[in-house]
Amino acid sequence: MQMRKIVLLVSCCICLLHTFLFSQEVAKLGKIQTTSDGRYLQYEDGTPFFWLGDTAWELFHRLTKSEIEQYLENRRGKGFNVIQAVALAEFNGLLKPNMNGDIPFNNLDPEQPNEKYFAFVDEVIASAAAKGLYIGLLPTWGDKVTPNWGDGPVVFNEKKAYAYAKWLAKRYVGSQNIIWILGGDRPPMRDSNDWRPIWRAMAQGITDVQGKNTFITYHTWGGPLSTSQQIHNEPWLSMNMTQSGHGGGHDVPIWEWITRDRALSPVKPVIDAEPNYEDHPVNPWPTWDPANGYFRDYDVRKQTYRSVFAGAAGVTYGHHSVWQFWNEREQKINYADRYWHDALNRPGATQVGYLKSLILSRASLNRIPDQTIIIEGQGKAGEYATAFRDVRGRYLMVYLPVGKQIVVSTSNLISQKIKISWFNPRTGKYEVGKTSDNQKQLSITSPTTGVEQDWVLVIDAVR
């Protein structure tokens, strides 16, 4: 009996220690907010937050707990900090049980949530927090609101949207690693259909519980239609999202969309929340026939770098097998070419982490997109280069999707000496930099040239 008491006491101590360590880890995450100028994201203490997301849409629905741990640990190790996942999954998410045999609602009613289903969601969110990861939580995929296409069924009206969102928000009061994302691959309105009242009700349910300053954004569908064109002035919308997607072929001009959204008032951050997925067929929606090949890591780099260099507050990566978690239990969607666990270490997933590290290596909240830096060698489409500089004149960067000779202006750098370096987005390494006089204009050729030889020119002021 005495031994049993000792074992119970030790077990209680372990549980308390685990709870303490978990709460400490969550506290380190901190809430995300926009910067004072409205351009970028930061923690509450002012530390820069670069959004590096991954699309894990079917995370709660198609994976076991051990598989989820494998996935989250992999993404943590690569530098991701936001995992975009959906509580009510796209593919028959209301009627097909998760891997524990549970469905989210009783009687398909959002006002009758199934506690067992959401307890598993809680577990996953807690696991992510323990790894320092945010969950970009979509309360539902868009097909449960809009009847245009998808499995559905539509189960939300304004009343049910408010009740469900309020219930969900109460569940996560105090959780530091939740970023709310409404929508789910659907526009807020289309033609004569206006679903904004339902999304407003959902946002209201969240803010009534967690406060009007709660960070909420919206995942829209692919194409040039950003959230900025339909809900920019909604008081609950903290950040605009666009989706350059997979249906427009190579080199969709995401840099133009980011520039457009940054010019709006009131100023809000913007990101590309779904660029082309690595290993997704290039052919356009809705056929997705792989006859024209697949998007590979080079395509991912071009789009992610150019959106960020155009002024985005971060970017989301996606892999075509990972978002759907295709495995031997599931039917593949749109010609996926490998199982999700074989796709975790595809090169693009590592290379977007290099982008995050590069941006955060300088004073990232002071960066200003500035195409006047590129005097010659701008290029179009697949060769279109993007540039930004530090507002205080301490550095500038130019992304070249095709290695070549360019002429750049260094007149905004504040020093008489400059250090010139080349950053390799394929390896995350720098070429050895050299120091020279600041002649205000520089003609320079990248270390290697041609297609798939993309580079970042980095020039720092030397004092």
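Parameters and conventions
- Residues numbered from 1 in each chain as written.
- Predicted model: local features only at pLDDT ≥ 70, side-chain atom pairs only at ≥ 80, totals over all residues.
- Heavy atoms only, no water.
- Helix = DSSP H or I, 4+ residues; strand = E, 2+ residues; numbered from the N terminus.
- Rg over C-alpha atoms; globule rule 2.2 N^0.38 Å.
- Buried < 20%, exposed > 50% of the residue type's maximum accessible area, 1.4 Å probe, protein only.
- Contact = heavy atoms within 4.5 Å.
- Areas by Shrake-Rupley, 256 points an atom, 1.4 Å probe, with all protein chains shown as cover.
- Lys, Arg positive; Asp, Glu negative; His and termini not counted.
- Charge placed at Lys NZ, Arg CZ, Asp CG, Glu CD.
- Phe/Tyr/Trp six-rings, centres within 6.5 Å; stacked < 30°, edge-to-face > 60°.
- Lys NZ or Arg CZ within 6 Å of the ring centre and 35° of its normal.
- Axes fitted to C-alpha atoms, helices over the stretch in contact; angles between N-to-C directions.
- Parallel < 35°, antiparallel > 145°, perpendicular 65-115°, else oblique.
- Left-handed = near helix turned anticlockwise from the far one by under 90°.
- Expected span 1.5 Å × (residues − 1).
- Core = buried A, V, L, I, M, F, W, Y, C linked by side-chain atoms within 4.5 Å.
- Pairing = 2+ DSSP bridges.
- pLDDT = per-residue confidence, 0-100.

(A) Structural view of the overall build of the protein. When helices and strands are counted, the protein shows 11 helices and 19 strands. Over its C-alpha trace the protein gives a radius of gyration of 23 Å, about what one expects of a compact globule, namely 23 Å for 463 residues. C-alpha extents for the protein along the principal axes are approximately 75 × 65 × 45 Å. By the burial criterion, 56% of the 463 residues in the protein qualify as buried. When contacts within the protein are restricted to residue pairs at least 6 apart in sequence, those whose partners lie at least 24 apart make up 71%. Total accessible area computed for the protein in this model is approximately 18,600 Å², and 52% of it derives from carbon and sulfur atoms. Charged side chains in the protein number 50 positive and 47 negative. The centres of these two groups are separated by 5 Å.

(B) Just the packing of aromatic side chains, in detail. Enumeration according to the criterion identifies 25 aromatic pairs in this entry. Summarising the aromatic geometry, the rings of Trp57 and Trp141 are spaced 5.0 Å apart at their centres and angled 65° between planes, so their arrangement reads as edge-to-face. Placement of the pair is Trp57 in the loop between strand 3 (51-55) and helix 2 (59-62) and Trp141 in the loop between strand 5 (134-138) and helix 5 (158-171), with a sequence separation of 84 residues. Accessibility expressed as a relative area gives 2% for Trp57, which makes it buried. Here the aromatic rings of Phe325 and Trp340 are separated by 5.4 Å at their centres, their planes lie at 80°, and the arrangement is edge-to-face. In this pair, Phe325 is assigned in the loop between helix 9 (320-324) and helix 10 (340-343) and Trp340 in helix 10, connecting sequence segments 15 residues apart. With respect to burial, Phe325 and Trp340 carry one shared label: buried. Taken together, Phe105, Tyr117, Phe118, Phe156, Tyr164 and Trp167 form an aromatic cluster joined through their ring pairs. The ring of Trp149 has Arg186 sitting right over it, with the charged end atom 3.9 Å from the ring centre. The lysine or arginine in question, Arg367, covers the ring of Phe388, its NZ or CZ lying 6.0 Å from the ring centre.

(C) Geometry of the packing of helix 5 against helix 6 (residues 196-210). At a minimum axis distance of 7 Å, the contact between helix 5 and helix 6 shows a crossing angle of 30°. One finds that helix 5 runs roughly parallel with respect to helix 6. Considering the relative orientation of helix 5 and helix 6, their crossing is right-handed. Packed against helix 5, whose contacting residues are Glu158, Ala161, Tyr162, Ala165, Lys166, Ala169 and Lys170, the element helix 6 presents Pro197, Ile198, Ala201, Met202, Gln204, Gly205, Ile206, Asp208, Val209 and Gln210 at the interface.

(D) Layout of helix 8 (residues 297-309). With 13 residues, helix 8 extends 18 Å from end C-alpha to end C-alpha; this agrees with the ideal 18 Å at 1.5 Å per step. Three or more residues of helix 8 are buried, namely Tyr298, Asp299, Val300, Arg301, Lys302, Gln303, Thr304, Tyr305, Arg306, Ser307, Val308 and Phe309. Positive phi shows up at Gly311, right after helix 8, with a value of about 120°.

(E) Spatial organisation of the nonpolar core. If you look at the biggest cluster of nonpolar residues, it comprises 52 residues, and the most contacted ones within it are Leu59, Tyr71 and Leu137. Element by element, the count of residues in this core is highest for helix 4 (residues 115-130), at 7 residues. Setting aside anything within four residues of it in sequence, one finds Leu137 in contact with Phe60, Ala85, Ala87, Ile125, Leu168, Tyr172, Ile178, Ile179, Trp180 and Ile181. Counting 24 residues, the second largest nonpolar core, distinct from the first, contains Ile181, Met241, Ile271 and Ile333.

(F) Molecular detail of the side chain of Ser244. For Ser244, the position within the fold is in the loop between strand 10 (240-242) and helix 7 (254-262). Dropping the residues within four chain positions of it, Ser244 is found in contact with Val252, Ile254, Trp257, Asp272, Glu274, Pro275, Asn276 and Gln303.

(G) Seen up close, unusual backbone geometry. Residue Ser265 is joined to Pro266 through a cis peptide bond whose omega torsion reads 0°. Mapped onto the fold, Pro266 is located in the loop between helix 7 and strand 11 (270-272). For the peptide bond that leads from Trp285 to Pro286, omega is 5°, which places it in the cis range. On the secondary structure map, Pro286 appears in the loop between strand 11 and helix 8. At Asp251, a position not held by glycine, the phi torsion is positive, near 60°.

(H) Seen up close, the pairing of strand 19 (residues 441-462). Bridge count for strand 16 (residues 395-409) against strand 19 is 13 bridges, and the pairing is antiparallel. Residue pairing across strands places Leu396 opposite Ile459, the latter belonging to strand 19. Note: strand 17 (residues 417-424) against strand 19, 7 bridges, orientation antiparallel. Paired with Ile420 across the strands is Ile459, a residue of strand 19.

(I) Representation of the confidence of the model for the protein in the model. Within the protein, residue pLDDT values average 93, and 94% of them lie at 70 or more. Under a pLDDT of 50 for its full length, residues 1-27 has, in the predicted model, 8 contacts with residues more than four places off or in other chains.

(J) Fine view of helix 5. When the terminal C-alpha atoms of helix 5 are compared, their 20 Å separation across 14 residues agrees well with the 20 Å that a helix rising 1.5 Å per residue should span. Residues of helix 5 that are buried in the fold lie against helix 4, strand 5, strand 6 (178-183) and helix 6.

(K) Seen up close, the pairing of strand 18 (residues 429-437). Here strand 17 pairs with strand 18 via 7 bridges, running antiparallel. Considered in strand 18, the bridge of Asn424 is made with Lys429. From the end of strand 17 to the start of strand 18, which pair antiparallel, there are 4 residues, and Gly428 there has a positive phi angle of about 75°.

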